[in-house]
Amino acid sequence: KNQVEQSPQSLIILEGKNCTLQCNYTVSPFSNLRWYKQDTGRGPVSLTIMTFSENTKSNGRYTATLDADTKQSSLHITASQLSDSASYICVVNQAGTALIFGKGTTLSVSS
Amino acid sequence: NAGVTQTPKFRVLKTGQSMTLLCAQDMNHEYMYWYRQDPGMGLRLIHYSVGEGTTAKGEVPDGYNVSRLKKQNFLLGLESAAPSQTSVYFCASTRPTSGGYNEQFFGPGTRLTVL
């Protein structure tokens, strides 16, 4: 069954600290993997898109990694800010058509 | 550019009522999508369109109909609303690229409650 599993479900960190969110998938055939940020009450916004040949991709303080062999991805957030409080969604594109969405990790950054 | 806009932002319906959600995009995108987002679940695809005049079913199409009469608009209709359709609805659009390496742009969402 095509699935995208994210962990942890929720996370609380202090402002300025780093954190890493995890994504495991069983989607096949694989086309690419995306990370989205969704602020409360807003639509998801794309952070990164990676194909199987890309191991790392950065977008400012966000760095995504992909291990296509183990079917794992991570999103690392450096020097967190209050504005990073949001839900982070891992999405796998199956064969260039369907997007399989994870349930998301809710991140809360406190001062 | 406004990007992807959705109308209305909020709506409360009674069981059995009908309504239409409007999605509009000004990026000249070919592909448009309707998703629903429920607590504790990932976004699920309801219907999608790969061009003006064409629509197709997604993962959870039952109880919904769609139309794409103009390239920039994608309408989602509920003919007889049910409480199970209480959800947040998101529209998205994208242009096709080789290998599916295409970023989807999402609208702000419509929060629908069916009593």
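A few points on the structure. Computed from a predicted model, the values in this text were never measured in an experiment. (Residues numbered from 1 in each chain as written. Chains lettered and ligands numbered in written order. Predicted model: local features only at pLDDT ≥ 70, side-chain atom pairs only at ≥ 80, totals over all residues. Heavy atoms only, no water.)

### Description of the overall build of chain B
At step 1: Secondary structure assignment for chain B yields zero helices and 11 strands.
At step 2: Counted from the first residue to the last, chain B has its helices and strands arranged as β-β-β-β-β-β-β-β-β-β-β.
At step 3: Taken over C-alpha atoms, the radius of gyration comes to 14 Å for chain B, in line with the 13 Å a tight globule of 115 residues would show.
At step 4: Dimensions of chain B, computed from the C-alpha atoms along their principal axes, are close to 40 × 30 × 25 Å.
At step 5: Looking at chain B residue by residue over its 115 residues, the buried ones come to 47%.
At step 6: Counting contacts in chain B only where the partners sit at least 6 residues apart, residues at least 24 apart contribute 55% of the total.
At step 7: Roughly 5600 Å² of accessible area belongs to chain B as shown, and the carbon and sulfur atoms make up 53% of that amount.
At step 8: For chain B, the distance from the average site of its 11 positive side-chain charges to the average site of its 8 negative ones is 6 Å. (Helix = DSSP H or I, 4+ residues; strand = E, 2+ residues; numbered from the N terminus. Rg over C-alpha atoms; globule rule 2.2 N^0.38 Å. Buried < 20%, exposed > 50% of the residue type's maximum accessible area, 1.4 Å probe, protein only. Contact = heavy atoms within 4.5 Å. Areas by Shrake-Rupley, 256 points an atom, 1.4 Å probe, with all protein chains shown as cover. Lys, Arg positive; Asp, Glu negative; His and termini not counted. Charge placed at Lys NZ, Arg CZ, Asp CG, Glu CD.)

### Brief notes about the pattern of salt bridges
At step 1: Within the structure shown, the criterion is met by six salt bridges over all chains.
At step 2: The shortest N-O distance in the salt bridge between Lys57 of chain A and Glu54 of chain A comes to 3.2 Å.
At step 3: Looking at Lys57 of chain A, the relative accessible area reads 24%, which means it is partly exposed.
At step 4: Residue classification places Glu54 of chain A among the partly exposed residues on the basis of a relative accessible area of 22%.
At step 5: For the salt bridge of Asp38 of chain B with Arg44 of chain B, the shortest nitrogen-to-oxygen distance reads 2.8 Å. Residues Asp38 of chain B and Arg44 of chain B agree in their burial class; the two are buried. (Salt bridge = Lys/Arg side-chain N within 4 Å of Asp/Glu carboxyl O.)

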